[in-house]
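The primary structure of each chain is shown beneath.
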Amino acid sequence: KQLEDLKLPSPELVHYYNDYKERRIYINYDIDDSLFNVTKHILAYNREDKDKKPEDCKPIKIYIHSYGGELYQAYTLISTILMSKVPVYTINMGVAMSAGLLILLAGHRRFAMRYSTAMIHTGSGGASGTFEQMEEQQKNYKKLIDTMKDYILERTCIDSKTFSRNRSKDWYLLDKEQLELGVVNEIVTSLDDIL
């Protein structure tokens with residue numbers, strides 16, 4: 001009777017806490033405001049390891065399978081990863097496209113699964129409001145795209161000319177191209193590399 005009264009947590013909750021403890025984070029959704037939860041986790045791990053040297057910290061592993069989404073939300077997480085004292089490893093599990101690719105690039109170490117695809121493009125957006133408001137939105141969007149270009153060039157081996165030649169299309173990169181262009185540092189050959 002006592003065992004029947006004992007309520008165990010759901011398996012999903014157990015997995016969530018095990019992953020949290022092991023510093024494993026999954027981004028397998030479109031990038032939106034919910035991404036801020038990942039930022040909160042990274043801040044928490046940095047508080048936990050505040051007095052440790054980076055090499056003594058247990059790395060955070062972010063597993064990415066995302067077709068992209070909102071640029072502002074991606075930049076919030078990217079800034080946090082770049083400033084994180086705790087090493088952050090990003091792993092392209094299958095697709096890291098658009099904002100997903102930008103998050104992949106933020107990792108202190110970056111991995112791609114075999115047969116994974118990354119995609120770079122200038123994104124898409126829309127404007128609404130008065131003519132003047134739309135004009136301002138367009139100027140702001142251009143600034144965001146210029147910032148994105150600088151960030152990609154800084155975090156990869158892609159040169160400005162190659163980027164400019166490919167930026168107006170959806171530029172798909174298979175695993176070997178990701179490695180050649182410095183999008184990732186390593187192609188995963190064993191799951192032990194990323195567990």
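Here the structure is a predicted model, which means the values were calculated and not measured.

## Comments concerning helix α4 (residues 71-83)
Across its 13 residues, α4 extends 18 Å between first and last C-alpha, which sits within 8% of the 18 Å expected from 1.5 Å per residue. Among all positions of α4, only L71, Q73, A74, Y75, L77, I78, T80 and I81 are buried. Against β1 (24-27), α3 (36-48), β2 (60-66), β3 (88-97), α5 (99-106) and α6 (131-155) lie the buried residues of α4.

## Comments concerning unusual backbone geometry
Apart from glycine, the bulk of residues carry a negative phi angle, and the bulk of peptide bonds sit in the trans form. Even without glycine at this site, S98 takes up a positive phi of about 55°. With respect to the element layout, S98 can be found in the loop between β3 and α5. Overall, the relative accessible area of 16% leaves S98 in the buried class. Located in the positive-phi region is Y115, a residue other than glycine, with phi close to 70°. If you trace the backbone, Y115 turns up in the loop between β4 (109-112) and β5 (117-120). Residue classification places Y115 among the exposed positions, given a relative accessible area of 65%.

The rules behind each value
Residues numbered from 1 in each chain as written. Predicted model: local features only at pLDDT ≥ 70, side-chain atom pairs only at ≥ 80, totals over all residues. Heavy atoms only, no water. Helix = DSSP H or I, 4+ residues; strand = E, 2+ residues; numbered from the N terminus. Expected span 1.5 Å × (residues − 1). Buried < 20%, exposed > 50% of the residue type's maximum accessible area, 1.4 Å probe, protein only. Contact = heavy atoms within 4.5 Å.

Taken by themselves, the reported measurements are silent on function.
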